[in-house]
Amino acid sequence: MTAADATKYNPATHYDRVTEAWSLLLGDELHYGVFAIAAEDLATATDALTHRMVTASRLAPGLELLDVGCGTGAPACTLASRHGVRVTGITTSSEGVAAARKRSADARLDRLAQFALRDGADNGFPDATFDRVWALESSHLMRDRARLIAECTRVLLPGGRLALCDITLRRPMDLREVRRLRQPLALLREVFGDARMEPLSEYRRLLQAEGLTVDVETDLTASTRPTFDRWVSNAHLHRKAVSDLIGPGDWRRFVDACHVLRGFWDDGTLGYGLIAAAKPG
């Protein structure tokens, strides 16, 4: 992807195009899994990651939660049905909003789980609206990370909590290495979007700069590693359906990108982390 291409890149357009195919590739929850054992199935592992976020968020019935980057609404509906939380999910993908609203309506959860087309870095909600804010694997696609954290903090009530999990950068990469890895990095951008990874320590710094107290910080790199094996297996299992949706070339690029990510996990370049913090009461 050239500089001009990156300027034209629109994450909403990207995810509108791939959402249906990704439900087959990544599973309903559209995020990584936390595996207790390597042989565990993907659905169990993705549910385990959602549970980690639930624990870090300290949820209770009746709380108002903002889900930043809600995907197709699976985690939001889980929060509503299992925990009695009132969820407002936001995403810049119109396909994601439509799928999330259908999921919520089909499960008769539309009073507890509602969805809107909004930007996490400029959400438009009034100050101090939500008891909880969480961003499950969406922050890496928002270039202005400081703005995202500031917006999440702004809409959080005093005494509320913010929880975030995402892909992280585990070691610095100088310009020479970035140039050497130009092709695999370009492949990741093409398949997964124009992402920018930050160390977990940078999230801590940004949260603390907004006056939040960080009380959960967990590296999940090792336990998320089997995710790529499951995604590749799904790709082969659903090859025809995925190829019909996004084309055989993009099917192949997805599989190749999974191998790239597996390599970055194994050599210590990328990983996965969870962090949560409280707003003073």
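A brief look at the structure comes next. Per chain, the residues get numbers from 1 upward, laid out in the order the sequence is written. Under the rules for a predicted model, residues below a pLDDT of 70 receive no local features and side-chain atom pairs below 80 are neither given nor counted, while totals for whole chains, interfaces and linings still include all residues. The basis for every side-chain value is the complete set of non-hydrogen atoms in the structure, without hydrogens or water.

**Considerations on the packing of aromatic side chains**
The geometry of an aromatic ring pair is captured by the separation of the ring centres together with the interplanar angle, meaning the angle of the planes. Here is the rule: Put simply, two rings from Phe, Tyr or Trp (the six-membered ring, in Trp's case) pair if the centres are within 6.5 Å, and we call them stacked under 30 degrees between planes, edge-to-face over 60, tilted for the rest. Elements are defined by DSSP. Helices are runs of H or I of four residues or more, strands are runs of E of two residues or more, and each kind is numbered from the N terminus. Only protein chains enter the area calculation, which uses a 1.4 Å probe; residues under 20% of their type maximum are buried, those over 50% are exposed, and those in between are partly exposed. Any Lys NZ or Arg CZ found within 6 Å of a ring centre and within 35 degrees of that ring's normal is scored as a charge over the ring.
Per the stated rule, a full pass over the model turns up 11 aromatic pairs. Centroid distance Y32 to W231: 4.9 Å. Interplanar angle 70 degrees. Geometry classified as edge-to-face. In this pair, Y32 sits in the loop between α2 (11-26) and α3 (42-57) while W231 sits in helix α11 (residues 227-237), placing the two residues 199 residues apart along the sequence. Each of the two residues, Y32 as well as W231, counts as buried. When the centroid spacing of 5.9 Å and the interplanar angle of 80 degrees are considered together, the rings of F228 and W231 count as edge-to-face. Of this pair, F228 and W231 are both found in helix α11, 3 residues apart, which corresponds to roughly one turn of the helix. Comparing F228 with W231, the two get one shared label, buried. In this structure an aromatic cluster arises from ring pairing among W22, Y32, F192, F228, W231, F254, W265 and Y272. Here the basic side chain of R118 rests over the ring of F125, its NZ or CZ set 4.1 Å away from the ring centre.

**Concerning the pattern of salt bridges**
Cut-off, in case you're wondering: By convention in these notes, a salt bridge is any Lys or Arg side-chain nitrogen within 4 Å of a carboxyl oxygen on Asp or Glu.
Scanning the entire structure with this criterion turns up 22 salt bridges. For D127, the salt bridge goes to R154, with nearest N and O atoms at 2.7 Å. With D127 in the loop between β3 (113-117) and β4 (130-136) and R154 in helix α6 (residues 145-154), this pair connects stretches of sequence that are 27 residues apart. Among the ionic pairs, E202 bridges to R205, the shortest N-O distance being 2.8 Å.

**Things to note about the environment of V54**
Summarising the element assignment, V54 is placed in helix α3. Residue classification places V54 among the buried residues on the basis of a relative accessible area of 9%. A sequence separation of 30 residues divides V54 from L24, and the C-alpha atoms of the two residues are 25 Å apart.

**Quick word on the pairing of strand β7 (residues 270-278)**
Short version of the rule: Two strands form a pair only when DSSP identifies at least two bridges running between them.
For β7, the tally of buried residues reaches 9 of 9 residues, placing the bulk of the element in the interior. The side-chain alternation of β7 yields two buried faces, one formed by L270, Y272, L274, A276 and A278 and the other by G271, G273, I275 and A277. Of the strand pairs in this sheet, strand β5 (residues 156-169) and β7 are connected by 9 bridges, and their pairing is antiparallel. Within the sheet, the bridge partner assigned to L169 lies in β7 and is L270. Inspection of the sheet shows strand β6 (residues 213-219) paired to β7 by 6 bridges, in the antiparallel sense. Across the sheet, residue E217 finds its bridge partner in β7, namely I275.

**Topic: the environment of T78**
To keep it simple, the criterion reads: The contact definition used throughout considers only heavy atoms, calling two residues in contact when any of these lie within 4.5 Å.
Along the chain, the position of T78 falls in helix α4 (residues 74-83). For the pair T78 and L109, spaced 31 residues apart in sequence, the C-alpha to C-alpha distance is 9.7 Å. Discounting chain neighbours no more than four positions away, the residues touching T78 are E29 and H83.

**A look at the sheet that holds strand β2 (residues 86-91)**
What counts here: A fitted line through C-alpha atoms represents every axis, and for helices the fit uses only the stretch in contact; the resulting angles, taken between N-to-C directions, go from 0 to 180 degrees.
Across the sheet, which stays open at both edges, the 7 strands sit in the order β3-β2-β1-β4-β5-β7-β6 with mixed pairing between neighbours. Across the chains shown, the open sheet's two edge strands, defined by having one partner strand only, are β3 and β6. Averaged over all neighbouring strand pairs, the angle between strand axes comes to 15 degrees, with direction disregarded. Bridge count for β2 against β3 is 5 bridges, and the pairing is parallel. If you follow T91 over to β3, its bridge partner there is L117.

**Considerations on the packing of α11 against helix α13 (residues 248-266)**
Under the convention used in this document: Any angle between 65 and 115 degrees counts as roughly perpendicular, while under 35 counts as roughly parallel, over 145 as roughly antiparallel, and the rest as oblique. Helix crossings fall into two classes, left-handed where the near helix is turned counterclockwise from the far one by less than a right angle and right-handed where it is turned clockwise. Each residue receives one of three labels: charged for Asp, Glu, Lys and Arg, nonpolar for Ala, Val, Leu, Ile, Met, Phe, Trp, Tyr, Cys and Pro, and polar for the others, Gly being one of them.
One can describe the packing of α11 onto α13 by two numbers: an axis separation of 9 Å at closest approach and a directional angle of 165 degrees. It follows from the interaxial angle that α11 and α13 lie roughly antiparallel. Classified by chirality, the crossing of α13 by α11 is left-handed. For the pair α11 and α13, contact is made by F228, D229, W231, V232, A235 and H236 and by W251, F254, V255, C258, H259, L261, R262 and W265, respectively. Residues that form the contact of α11 with α13 fall into these classes: 10 nonpolar, 2 polar and 2 charged.

**Thoughts on the nonpolar core**
Applicable threshold: The set of buried Ala, Val, Leu, Ile, Met, Phe, Trp, Tyr and Cys residues whose side-chain atoms join them within 4.5 Å is what this entry labels a nonpolar core.
Formed by 60 residues in total, the largest nonpolar core has its most connected members in Y32, F192, W231 and F254. The element that contributes the greatest number of residues to this core is α13, accounting for 9 residues. Ignoring any residue separated from it by four or fewer positions in sequence, one finds F254 in contact with W22, L25, L26, V191, F192, W231 and A235. Core analysis: the next-biggest nonpolar cluster, separate from the first, contains 23 residues, L66, I90, C152 and L156 among them.

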